[in-house]
Amino acid sequence: FLLTEDGIRALLRSRGLGKLYKRQNQMDAKGLCVPEPVMMLHDEIKKVAVGESIGIQATDPSTRRDFVKFCSFLGHEMVVDEEREGVFFYVIRKAS
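The rules we used
- Residues numbered from 1 in each chain as written.
- Predicted model: local features only at pLDDT ≥ 70, side-chain atom pairs only at ≥ 80, totals over all residues.
- Heavy atoms only, no water.
- Helix = DSSP H or I, 4+ residues; strand = E, 2+ residues; numbered from the N terminus.
- Buried < 20%, exposed > 50% of the residue type's maximum accessible area, 1.4 Å probe, protein only.
- Contact = heavy atoms within 4.5 Å.
- Areas by Shrake-Rupley, 256 points an atom, 1.4 Å probe, with all protein chains shown as cover.
- Pairing = 2+ DSSP bridges.
- Right-handed = clockwise from strand over helix to strand, strands pointing away.
- Phe/Tyr/Trp six-rings, centres within 6.5 Å; stacked < 30°, edge-to-face > 60°.
- Expected span 1.5 Å × (residues − 1).
- Arc of directions from axis to C-beta.

**Notes on the overall build of the chain**
Across its full length, the chain holds two helices and seven strands. Moving toward the C terminus, one meets the helices and strands of the chain in the order β-β-β-β-α-β-α-β-β. When the 96 residues of the chain are sorted by exposure, 33% land in the buried category. The long-range fraction of contacts in the chain, counting pairs at least 24 apart against all pairs at least 6 apart in sequence, stands at 56%. Total accessible area on the chain stands at roughly 5,900 Å², and carbon and sulfur atoms take up 52% of it.

In structure tokens, the structure reads:
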């Protein structure tokens, strides 16, 4: 996965064309406080197919704890969990 200014992109396998990145489904939770980001994620995860990912940007540090619990409870996979300059970036892959 690659974090870019316009969102999070997933590395695609290419056939000799170099690295290709596909824009992920995005969720902007910057400026929101829990429980809003988790409620948004619950709605957004319903919209994507199994195996697809959602790239999330948030500013509430509590999202780190809440998104891990969300994934653990519902069986989804946390692929990316990092912070840059006060913004938290996550990629969550839908399991079922």
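**Concerning the pairing of strand S4 (residues 25-29)**
Bridge count between S4 and strand S5 (residues 53-58): five bridges; the pairing is parallel. In the sheet register, Ala29 faces S5, and the bridge partner there is Ala58. For the crossover from S4 across helix H1 (residues 36-47) to S5, the handedness is right-handed.

**So, the packing of aromatic side chains**
The final tally for this structure, using the stated rule, is two aromatic pairs. Seen from their ring centres, Phe67 and Tyr90 are 4.9 Å apart, and the 85° between their planes marks the pair as edge-to-face. In this pair, Phe67 sits in helix H2 (residues 62-74) while Tyr90 sits in strand S7 (residues 87-93), placing the two residues 23 residues apart along the sequence. Pair check on accessibility: Phe67 and Tyr90 agree, each one buried. For the pair Phe88 and Tyr90, a centre-to-centre distance of 6.5 Å together with 15° between the ring planes defines the contact as stacked. By relative accessible area, Phe88 is classed as buried at 5%. The rings of Phe67, Phe88 and Tyr90 are connected pair by pair, giving a single aromatic cluster.

**A look at unusual backbone geometry**
Excluding glycine, residues mostly have negative phi values, and the peptide bonds linking residues are mostly trans. Omega for the bond connecting Val34 with Pro35 falls within 30 degrees of zero, at 15°, which places this linkage in the cis form. At Glu85, a residue that is not glycine, the phi angle is positive and equals roughly 50°. Note that Glu85 resides in the loop between strand S6 (77-84) and S7. By relative accessible area, which is 83% here, Glu85 ends up exposed.

**Notes on H2**
Spanning 13 residues, H2 covers 18 Å between terminal C-alpha atoms, matching the ideal 18 Å at 1.5 Å per step. Where H2 is concerned, the buried positions are Thr63, Asp66, Phe67, Phe70 and Cys71. Down the axis, H2 shows its buried residues gathered within 135° of arc, on one side only. Facing away from the buried side of H2 by more than 90 degrees, the exposed set consists of Lys69, Ser72 and Phe73. Of the surrounding secondary structure, the elements contacted by the buried residues of H2 are S4, H1, S5, S6 and S7. Residue Gly75 follows H2 closely and has a positive phi angle near 85°.

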